[in-house]
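# A closer look at the structure
Chain by chain, the residues:
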Amino acid sequence: MKARDYLHLANPAVSDLVPYTPGKPVEELERELGISDSIKLASNENPLGASPLVAEAIQKTLDGLNLYPDANGFYLKQALSEHHDLPPDCITLGNGSNDILVFLAQAFLNPEVAAVYSQYAFAVYPIVTQMMGAKHQVVPALPIDHPMALGHDLRAMYAAVDDDTRLVFIANPNNPTGTWLNQERLIDFVGSLPPHVICVIDEAYTEYGQTDVLGDASTWLDRFPNLVVSRTFSKAYGLAALRVGYALANPGITDLLNRVRPPFNVSVLGLEAARVALQDQAFIEKSRAMNEAGLAQLKEGLSALGVDVSPSAANFVLAHFGRPVDEINRGLMKQGVIVRPVGNYGLDQSLRITIGTPEQNTRLLNALASVLEKM
Ligand SMILES: *Cc1c(COP(=O)(O)O)cnc(C)c1O
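### Considerations on the domain arrangement of the chain
If you check the domain split of the chain, you get domain 1 (7-49 + 282-373) and domain 2 (53-280). Using C-alpha coordinates to define each centre, domain 1 is positioned 23 Å away from domain 2. Counting residues at the interface gives 32 residues for domain 1, matched by 35 residues for domain 2. A buried area of about 2,600 Å², summed over both sides, lies between domain 1 and domain 2, and 65% of it is on carbon and sulfur atoms.

### Digging into the sheet that holds strand β10 (residues 316-320)
Whenever strands of a sheet pair, they do so through backbone hydrogen bonds, lying parallel or antiparallel. Reading across the sheet, the 4 strands line up as β9-β10-β13-β12 and stay open at both edges, with antiparallel pairing between neighbours. Unpaired on one side and paired on the other, β9 (308-309) and β12 (340-342) mark the two borders of the sheet. Judged from the 3 bridges that link them, β12 and strand β13 (residues 347-354) form a sheet pairing that is antiparallel. Along β13, the bridge assignment pairs R340 with R352. Sheet contacts for helix α12 (residues 281-304): β9, β10 and β13; angle to β10, the most-contacted strand, approximately 10 degrees.

### Considering the environment of K24
Along the polypeptide, K24 turns up in the loop between α1 (12-15) and α2 (26-33). Through-space distance from the C-alpha of K24 to that of A369 is 22 Å; in sequence the pair is 345 residues apart. Dropping the residues within four chain positions of it, K24 is found in contact with L29, E32, K40, M333 and I338. In this structure the side chain of K24 is engaged in a polar contact, spanning 2.9 Å, whose partner is the side chain of E28. Of the polar contacts made by the side chain of K24, one reaches the side chain of E32; its length is 3.0 Å.

### A word on the packing of aromatic side chains
Two aromatic rings, taken as a pair, are described by how far apart their centres are and by the angle between their planes. In the structure shown here, the tally under the stated rule is 9 aromatic pairs. With 6.3 Å between their ring centres and 75 degrees between their planes, Y158 and F189 make a pair best called edge-to-face. Taken together, the residues span a long stretch of sequence, with Y158 in helix α7 (residues 154-160) and F189 in helix α8 (residues 183-192) at a distance of 31 residues. Taking the relative accessible area as the measure of exposure, Y158 reaches 38% and is therefore partly exposed. Taking relative accessible area as the criterion, F189 reaches 4% and is therefore assigned buried.

### Details of the packing of helix α5 (residues 97-108) against helix α6 (residues 124-131)
Packing of α5 against α6 leaves a shortest axis separation of 9 Å and a crossing angle of 35 degrees. The handedness of the crossing between α5 and α6 comes out as right-handed. Side by side, α5 and α6 meet where N98, L101, V102, A105 and Q106 of the first sit next to V124, Y125, V128 and M131 of the second.

### Thoughts on the nonpolar core
Ranked by internal contacts, the top residues of the largest apolar core, which has 53 residues, are I170, F189 and F233. Considering each element in turn, this core owes the most residues, 6 residues, to helix α11 (residues 268-279). Two domains each put at least three residues into this core: domain 1 (7-49 + 282-373) and domain 2 (53-280). Contacts of I170, omitting those with residues within four sequence positions, involve Y125, H152, L154, M157, L181, L186, F189, C199, V200, I201 and D202. Core analysis: the next-biggest nonpolar cluster, separate from the first, contains 35 residues, F103, A105, V113 and Y117 among them.

Basis of the calculations
- Residues numbered from 1 in each chain as written.
- Predicted model: local features only at pLDDT ≥ 70, side-chain atom pairs only at ≥ 80, totals over all residues.
- Heavy atoms only, no water.
- Domains from an automatic or database assignment.
- Contact = heavy atoms within 4.5 Å.
- Buried area = accessible area lost by both parts, 1.4 Å probe.
- Pairing = 2+ DSSP bridges.
- Helix = DSSP H or I, 4+ residues; strand = E, 2+ residues; numbered from the N terminus.
- Axes fitted to C-alpha atoms, helices over the stretch in contact; angles between N-to-C directions.
- Polar contact = N/O pair within 3.5 Å; in protein donor to acceptor, adjacent residues only side chain to side chain.
- Phe/Tyr/Trp six-rings, centres within 6.5 Å; stacked < 30°, edge-to-face > 60°.
- Buried < 20%, exposed > 50% of the residue type's maximum accessible area, 1.4 Å probe, protein only.
- Left-handed = near helix turned anticlockwise from the far one by under 90°.
- Core = buried A, V, L, I, M, F, W, Y, C linked by side-chain atoms within 4.5 Å.

Shown next, in the form of structure tokens:
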């Protein structure tokens, strides 16, 4: 095809945009290397799959694929409203919680204002900020020798807030670091923000975390009108393929998010799957328990190999190798183990490893041992 340069025609916010780097799909690795039986520990997906109720519910939707979904997601919102004990007009549905982050940026950011986020915070925060041409207030992370290595420095984030700040993005726990903030400190932080600043607390992993330590920001909405809580069905609920997330916020903010939300942004399958997944909290408990055991297994196994990890309240660990990880990553892939390089975060000596089943964790540890031995 004839090449033509369209860069000069692009919205300046878009021409500087660097797309999100996804985890490598299993099929792609197997196609490239001609191998089979690979495992993916790269995208923080639930290795147990999803609740069995989901497949059943989806089966029932298959007769109606010619019809648009309910654009308001009435039944899912009703289920979420009960689950969180919050009125439906506090809920915005997203095509994954990524959608929610985009709506927040569209609703509140422009080239005159700024978003605050931590260095090594989730990669989508800089992308949506950039997309709106807004200013980035990037706050240096805690140092690698801090107990919460590479985590959010809340005091420095507070100091970065100024008259231009409209959004503060906080991931609790954060991806890719796994680090977290204690609820007491976070509540103080949100309570001390000026009214022109909206605090987004992204709780993508909250079902895995120790809620007694991290808290549950959805229960703080009464106290803080400028709080937005972002949740997803992609992680513990095991529905990453179906793309469902949501925001909880006061009705004034929710109204704005729904103005920019595209019609029909969540599919019929997604709406139904999420609705029934909420009913199966036993599945979440099982996932949480397996994750807790897997975290201990990985921490111990990695430590035995001389590899440090950041503390994690999520379903992954950030492992630090003290040298560039390209070769280690390639070695793992050759053995059919996909993990996540995080060079796009400026962390070229670390790998993010999703906690799998006990067997998958063992396979990762054995593969890593053999790769490290040969170096
Ligand atoms: C995975 C993740 C998300 C969102 O994923 P969706 O699939 O779009 O819901 C949001 N925030 C963080 C911190 C994540 O790790």
